[in-house]
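Per-entry structural report
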Amino acid sequence: QVQLVESGGGLVQAGGSLRLSCAATGSSFSINYMGWYRQAPGKQRDLVAIITSGGRTNYADSVKGRFTISRDNAKNTVYLQMDSLKPEDTAVYYCNAEVRDSRLYTYNYWGQGTQVTVSS
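Just so we're clear, the structure is a prediction, and the values are computed from it rather than from any experiment.

About the thresholds
- Residues numbered from 1 in each chain as written.
- Predicted model: local features only at pLDDT ≥ 70, side-chain atom pairs only at ≥ 80, totals over all residues.
- Heavy atoms only, no water.
- Helix = DSSP H or I, 4+ residues; strand = E, 2+ residues; numbered from the N terminus.
- Rg over C-alpha atoms; globule rule 2.2 N^0.38 Å.
- Contact = heavy atoms within 4.5 Å.
- Areas by Shrake-Rupley, 256 points an atom, 1.4 Å probe, with all protein chains shown as cover.
- Lys, Arg positive; Asp, Glu negative; His and termini not counted.
- Charge placed at Lys NZ, Arg CZ, Asp CG, Glu CD.
- Phe/Tyr/Trp six-rings, centres within 6.5 Å; stacked < 30°, edge-to-face > 60°.
- Buried < 20%, exposed > 50% of the residue type's maximum accessible area, 1.4 Å probe, protein only.
- Lys NZ or Arg CZ within 6 Å of the ring centre and 35° of its normal.

The subject of this paragraph is the overall build of the protein. Helix and strand content of the protein: zero helices and eleven strands. From first element to last, N terminus to C terminus, the protein shows the α and β order β-β-β-β-β-β-β-β-β-β-β. For the protein, the C-alpha radius of gyration of 14 Å lies close to 14 Å, the compact-globule estimate for 120 residues. Viewed in the frame of its principal axes, the protein has a C-alpha envelope of about 50 × 25 × 20 Å. At a minimum sequence separation of 6, the contacts of the protein that also span at least 24 residues come to 54%. Of the accessible surface of the protein, which amounts to about 6400 Å², a share of 45% is contributed by carbon and sulfur atoms. If you average the places of the 12 positive and of the 9 negative side-chain charges in the protein, the two averages end up 3 Å apart.

Structural data, given as structure tokens:
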């Protein structure tokens, strides 16, 4: 069993920055990829950014050039640096991870979500 523990959300003014962290805890697993999704009220959950174990990244068009995803493989932790924040970035941000166990079975996990609010 793997747990994803998120931190770093909060309230910030437009143009400001926030950094989200997500640590994967558990035993006997390896991470295939980790990423961040977000869900605004009344909207679907959308991909924000993802990073593979090899370091390849992919971003939603709406955040390219403003957000940066990175990971610390030794700590099983992924970060999302969010700069030049806009009110439309306001949402609950969820960490997501695909992991594999010793039998190479894969599992998908979600964090509990952290609120990011950007005021205008």
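After that view of the structure, there is still more to cover.
For any pair of aromatic rings, the description consists of the separation of the ring centres together with the inter-plane angle of the planes. Scanning the entire structure with this criterion turns up two aromatic pairs. A ring pair is formed by tyrosine 37 and tryptophan 110, whose centres lie 5.0 Å apart and whose planes are at 65°; its orientation type is edge-to-face. In this pair, tyrosine 37 is assigned in strand β4 (residues 30-39) and tryptophan 110 in strand β10 (residues 106-110), connecting sequence segments 73 residues apart. With 6.5 Å between their ring centres and 85° between their planes, tyrosine 94 and tryptophan 110 make a pair best called edge-to-face. Residue tyrosine 94 is found in strand β9 (residues 91-100), and its partner tryptophan 110 is found in strand β10; the two are separated by 16 residues along the sequence. With a relative accessible area of 15%, tyrosine 94 lands in the buried category. Every member of this aromatic cluster is reached through a ring pair, and the members are Tyr37, Tyr94 and Trp110. Lying over the aromatic face of tyrosine 94, arginine 45 brings its terminal NZ or CZ to 3.6 Å of the ring centre.

Looking at the secondary structure, you find leucine 85 in the loop between β8 (77-82) and β9. Taking the C-alpha atoms as reference points, leucine 85 and serine 120, 35 residues apart in sequence, are found 9.8 Å from one another. Discounting chain neighbours no more than four positions away, the residues touching leucine 85 are Val12, Ala14, Gly15, Gly16, Ser17, Leu18, Arg66, Phe67 and Val118.

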